[in-house]
Amino acid sequence: MSVVLRGMLISFALVSSIGMQNLFVFNSAMGNRMRRALLICTFVWVADTSLTTVAFLGMGALVSRYLWLKILIMLLGGVIVVWMGFGVLRSASQIELGKNDSQMPLKDAFASAWIVTFANPQAIIDTGVTMGALRGTLTNDQVLPFLGGIILATAIWFFAITLIIGILKNRLPKRILMWINIISGVIVLGYGVLLIINAFRLIF
Ligand SMILES: NC(=[NH2+])NCCC[C@H](N)C(=O)O
């Protein structure tokens, strides 16, 4: 599979689980006119791309220098990712759309986009731990295409949900969100197991 596609696949799986950041984008799409919702969506994507780039490259540089650190992160990341995968599956049955943020001033929306990204444990684990661990499995010339795939997938995800919810508003069945969660839960679980297996391969 191409490196860009691999980056996109894991990125879709991680970003589509329902957390603070996605709820913020959902709510903004529910409560704002399309143009404003797309602007707020851009804030979120820029914040997310900043976090991803810093966490992915920084973690990767350290990980490629120390083998023990690489193994530790892969093991720890693997366990957390498996646990997260179960969490995603469990939450699939409890999807609720949050409150309406329509009256929020644009500068507050901008600040919120950075907060739901940088103060979001799920986002920090996604970008720093999971993707950082995957960084350890890549050769140097695969790093940028992989990062490109990650960032492309988040752009597609955030803009697609904004457009879809903006168009369908309340008529979007929760069933669809549930199935997205089930599929991403299974993919995240699979990645966690793979990380643990790869860590053991490095040890033995
Ligand atoms: N590119 C990422 N994986 N970003 C973090 C996503 C966090 C999670 N999906 C949420 O809505 O809170």
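Right above here is the structure, for reference.
Below, the structure is looked at part by part. The structure displayed is predicted, hence computed values, not measured ones.

1. Quick notes on the nonpolar core
Among the nonpolar cores identified, the biggest contains 23 residues, and I10, L14, F56, L134, F146, V188 and L195 are the most heavily contacted of them. Taken together, the elements giving at least two residues each to this core come down to α1 (3-15), α4 (67-91), α6 (121-135), α7 (140-168) and α8 (174-203). For L134, the residues in contact, after removing those within four places along its chain, are I10, F146, Y191 and L195. Grouped together as the second largest cluster of nonpolar side chains are 16 residues, F24, V44, A113 and I165 included.

2. Thoughts on the site of the ligand
Neighbouring residues of the ligand: 13 residues in total, closest S17, N22, D48, N120 and D126. In this structure, a nitrogen atom belonging to the ligand sits 2.8 Å away from a side-chain N or O atom of D48. Residue D126 places a side-chain N or O atom 2.7 Å away from a nitrogen atom belonging to the ligand. Out of a free accessible area of 350 Å², the ligand has 100% covered by protein chains. Those elements that provide at least two residues to the shell around the ligand are α1, α2 (20-31) and α6. For the shell around the ligand, the class distribution of residues is four nonpolar, seven polar and two charged.

Calculation notes
Residues numbered from 1 in each chain as written. Predicted model: local features only at pLDDT ≥ 70, side-chain atom pairs only at ≥ 80, totals over all residues. Heavy atoms only, no water. Core = buried A, V, L, I, M, F, W, Y, C linked by side-chain atoms within 4.5 Å. Buried < 20%, exposed > 50% of the residue type's maximum accessible area, 1.4 Å probe, protein only. Helix = DSSP H or I, 4+ residues; strand = E, 2+ residues; numbered from the N terminus. Contact = heavy atoms within 4.5 Å. Near = heavy atom within 4 Å. Polar contact = N/O pair within 3.5 Å; in protein donor to acceptor, adjacent residues only side chain to side chain. Areas by Shrake-Rupley, 256 points an atom, 1.4 Å probe, with all protein chains shown as cover. Nonpolar A, V, L, I, M, F, W, Y, C, P; charged D, E, K, R; others polar.

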